Amino acid sequence: MSQTEIASGVLILIVIGCFVVPEILPLAPASGGSLADARLPPLSPGHLLGTDPLGNDMLSRTLYGGRVSFIVGVGATLIGLVVGGVLGMLAGYRGGWVEKVLGWIFDVLLAFPALVLALTIAAYLGPSLMNEIYAVSIFLIPATARIARASTMSVRKEEFIVAARLAGVRESTIVRRHVIPNITSPLLTFAILQCGTAMIIEATLSFLGLGIRPPAPSWGNMMASGQQSLGDQPWVVLVPGIFLFVTIGALNLLGESLRQARDER
């Protein structure tokens, strides 16, 4: 099997586990567990991955927590792809003062460390799912815009673009028919890689209390709440950590495989 197939298969399994399995299997509730069931180790009857110090089922919390990571990661990536793609394409196609102004804005935003920028925005907006998406997307927009700008600048010099202009084709038609299709592939590849980055930032925000608040689960706040039990209940931290690690690894492997395939063409 190729790297692309392996990475795609792993991601599909995790997505099915997070979004489908809780709807079709009678899993224990993700919160409101009984203290009588607290601190059960993995493979305990009725609790495949054990329970946390509050008696909540770890499997259920991990799958529901994965939904948050995917929603924030994909949502922020889509915002970054659309807004950053449009701004970057505008800068690369128009050139001149438009490119200089937008390029300066992109550089200023990218000069801030991603985590610091996300933390600042999340702290200002307050903890919620949508605010997490907005906070993470602010970092992704300039990064995506730079890729879109570079790709557009390369495409606009092609002979078919020059020929279309000489033939009197409208600029909007050239962009729709020639520019967008030719920059879509590198943008989508970059977006897959950025989705993994977005999920890491989301986990960090939740870990620091600026994301989804307990008792609602997310991989980040699950690891945060399990810190004090790491010595005698390592699975409370390891289970969400392993799921996050595998998901990010699969996204990076898929993105890198697609990038290599595009470069070979």
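Details of the structure are given in the entry above.
Here is what the cut-offs are and how they apply
Residues numbered from 1 in each chain as written. Predicted model: local features only at pLDDT ≥ 70, side-chain atom pairs only at ≥ 80, totals over all residues. Heavy atoms only, no water. Helix = DSSP H or I, 4+ residues; strand = E, 2+ residues; numbered from the N terminus. Buried < 20%, exposed > 50% of the residue type's maximum accessible area, 1.4 Å probe, protein only. Polar contact = N/O pair within 3.5 Å; in protein donor to acceptor, adjacent residues only side chain to side chain. Phe/Tyr/Trp six-rings, centres within 6.5 Å; stacked < 30°, edge-to-face > 60°. Core = buried A, V, L, I, M, F, W, Y, C linked by side-chain atoms within 4.5 Å. Contact = heavy atoms within 4.5 Å.

Draft legend 1. Looking closely at the side chain of Thr 51. Along the chain, the position of Thr 51 falls in the loop between helix H2 (21-24) and helix H3 (58-94). For Thr 51, a relative accessible area of 0% puts it in the buried group. Of note is the side chain of Thr 51, whose polar atom sits 2.8 Å from the backbone nitrogen of Leu 40.

Draft legend 2. View of unusual backbone geometry. Although it is not a glycine, Leu 43 sits at a positive phi angle of roughly 70°. Mapped onto the fold, Leu 43 is located in the loop between H2 and H3. Looking at Leu 43, the relative accessible area reads 69%, which means it is exposed.

Draft legend 3. Structural detail: the packing of aromatic side chains. This model, assessed by the stated rule, comprises 2 aromatic pairs. Judged by centre distance (6.3 Å) and plane angle (65°), the ring pair of Phe 19 and Phe 70 falls under edge-to-face. On the criterion of sequence distance, the pair formed by Phe 19 in helix H1 (residues 3-19) and Phe 70 in helix H3 is long-range, its members being 51 residues apart. Given a relative accessible area of 32%, Phe 19 falls into the partly exposed group. On the basis of relative accessibility, which here comes to 8%, the residue Phe 70 falls in the buried class. Pairing Trp 219 with Phe 243 gives two aromatic rings, centres 6.1 Å apart and planes at 45°, and the pair type is tilted. Linking Trp 219 in helix H9 (residues 219-225) with Phe 243 in helix H10 (residues 235-264), this pair joins segments that are 24 residues apart in sequence. Its relative accessible area of 0% is what places Trp 219 among the buried residues.

Draft legend 4. Up close: the nonpolar core. In this structure, Met 58, Phe 70, Met 199, Trp 219 and Leu 244 are the most contacted members of the largest nonpolar core, which totals 24 residues. Among the secondary structure elements, those contributing two or more residues to this core are H1, H3, helix H8 (171-207), H9 and H10. Setting aside residues no more than four positions away along its own chain, Leu 244 makes contact with Met 199, Ala 203, Trp 219 and Met 223. Of all hydrophobic cores here, the second largest spans 18 residues; its members include Ala 76, Ala 118, Leu 140 and Ala 198.

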